[in-house]
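Summary of the model geometry
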Amino acid sequence: MKRAFNFNAGPAALPLSVLQKAQEQFVDFNGAGMSIMEMSHRSAAYEQVNNETEALVRKLLQVPDNYKVLFMQGGASTQFAMLPMNYLTAGKQAAYVDTGAWAGKAIKEAELIGNTVIAASSASDQYMKMPALDQLSLDSNTAYLHLTSNETIGGTQFKTFPNTGNVPLIVDMSSDILSRPLQIEQYGMIYAGAQKNLGPSGVTLVIVREDLVAASNKEIPTMFRYSTHAKSNSLYNTPPSYSVYMMKLVLEWIDEMGGVDKLAAYNEHKTNLIYNVIDNSDGYYRGCADIDSRSRMNITFRMANEELEKQFVKESEQAGFVGLKGHRDVGGLRASTYNAVPTASCEALAQFMVDFQKRNN
Ligand SMILES: *Cc1c(COP(=O)(O)O)cnc(C)c1O
């Protein structure tokens with residue numbers, strides 16, 4: 001079997017060793033005579049998977065004891081709605097940083113619920129650079145400040161996060177969670193759909209401080225309250241058990257790789273291979289994002305015209321590359337280089353780009 005050079009934006013590449021481990025345990029999970037999918041989520045075996053997954057998240061991100069680790073469903077998109085449903089209550093406002101496509105979707109949901117203000121925006125830079133956040137002024141009735149750590153479509157990423165004082169900082173980290181170290185104490189909540197950096201789709205990781213759990217709105221349906229999931233150890237209703245199990249295997253892989261510090265260096269090395277080709281191409285390839293805001297997860301670039309970009313995608317596919325076409329809303333080209341994308345794939349892409357330029361210059 002030949003594995004593709006997989007640069008998909010999400011769902012995205014998983015470590016081969018994780019897939020092989022899952023394959024080994026697929027039909028018979030640890031001698032249970034059944035797969036994990038066929039098992040009760042109330043069984044001791046599944047509870048152990050649930051607890052070990054949580055323990056790995058806590059270990060890898062050094063999550064303090066006053067934070068809950070939750071496994072939820074509905075993707076990051078459901079979090080966009082749950083946040084204002086829980087915290088944007090009467091008399092409050094929610095502040096958002098508008099950095100592009102995903103931030104925009106989160107803002108839309110908040111606007112459906114209550115008073116939503118834009119605390120900072122990079123719209124005037126066509127979202128190609130992250131806005132400075134050192135001069136934010138937040139009203140005292142601000143329920144939270146929301147931002148998107150990595151804009152998956154535009155290819156921009158925050159390098160640092162603001163100090164928001166008493167206002168909880170809530171961050172959508174769907175496309176860069178566990179790709180670098182974090183100071184969890186800085187955040188009221190972080191959340192991430194799993195399908196980019198953590199595993200398959202179907203589960204959303206939420207790390208939330210206990211005071212925010214306690215402040216969940218009691219007047220919304222049970223499933224939409226953070227307190228419901230916190231109280232029941234993410235087992236209020238049937239969880240996406242197979243996705244949680246797969247996340248556990250991915251977290252074990254990250255642990256074996258040496259944790260998030262090692263991954264940050266690894267990701268930087270991988271993306272430099274490709275950014276260097278862009279920067280040394282005499283403008284043949286043009287990086288979309290401002291250099292200081294460049295993402296270590298999604299490399300977006302353009303070529304002289306759409307025809308050439310089409311040819312690039314076509315020839316790349318013939319050469320075994322997958323997922324290099326930019327998002328349909330913005331066009332251009334994009335290479336998503338999440339944690340599990342191997343160095344060899346990035347080396348191959350860098351070489352392909354150099355060769356393509358030589359052939360078609
Ligand atoms: C992919 C993505 C989402 C949407 O995630 P779903 O799990 O599909 O709802 C939200 N935010 C960011 C930053 C993303 O990359």
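Predicted, not measured: the structure shown is a model, and the values here were computed from it. (Residues numbered from 1 in each chain as written. Predicted model: local features only at pLDDT ≥ 70, side-chain atom pairs only at ≥ 80, totals over all residues. Heavy atoms only, no water.)

Structural notes on the overall build of the protein chain
Along the backbone of the protein chain there are 10 helices and 14 strands. Relative to the globule expectation of 21 Å for 361 residues, the C-alpha radius of gyration of the protein chain, 21 Å, shows essentially globular dimensions. Buried positions account for 55% of the 361 residues belonging to the protein chain. A sequence separation of at least 24 residues applies to 67% of the contacts in the protein chain between residues at least 6 apart. (Helix = DSSP H or I, 4+ residues; strand = E, 2+ residues; numbered from the N terminus. Rg over C-alpha atoms; globule rule 2.2 N^0.38 Å. Buried < 20%, exposed > 50% of the residue type's maximum accessible area, 1.4 Å probe, protein only. Contact = heavy atoms within 4.5 Å.)

Some details on the packing of aromatic side chains
Using the criterion set out here, one finds 19 aromatic pairs in the structure. With centroids separated by 6.4 Å and ring planes inclined at 45°, the aromatic side chains of F158 and F161 adopt a geometry described as tilted. What makes F161 buried here is its relative accessible area of 15%. The lysine or arginine in question, K2, covers the ring of F5, its NZ or CZ lying 5.3 Å from the ring centre. (Phe/Tyr/Trp six-rings, centres within 6.5 Å; stacked < 30°, edge-to-face > 60°. Lys NZ or Arg CZ within 6 Å of the ring centre and 35° of its normal.)

Description of the UniProt feature "binding site: pyridoxal 5'-phosphate" (unreviewed entry) in the protein chain
Following the UniProt record, the feature "binding site: pyridoxal 5'-phosphate" (unreviewed entry) maps to A76, S77, W102, T152, D172, Q195, N237 and T238 here. Spanning 163 residues, the annotated positions stay apart in the fold, the maximum distance between their C-alpha atoms being 30.6 Å. For A76, the location among the structural elements is in helix α3 (residues 75–87). Among all residues touching A76, those that are not within four sequence positions of it are D172, S174, Y191, G193 and T204. (UniProt positions renumbered as here; feature names shortened; annotations may be inferred.)

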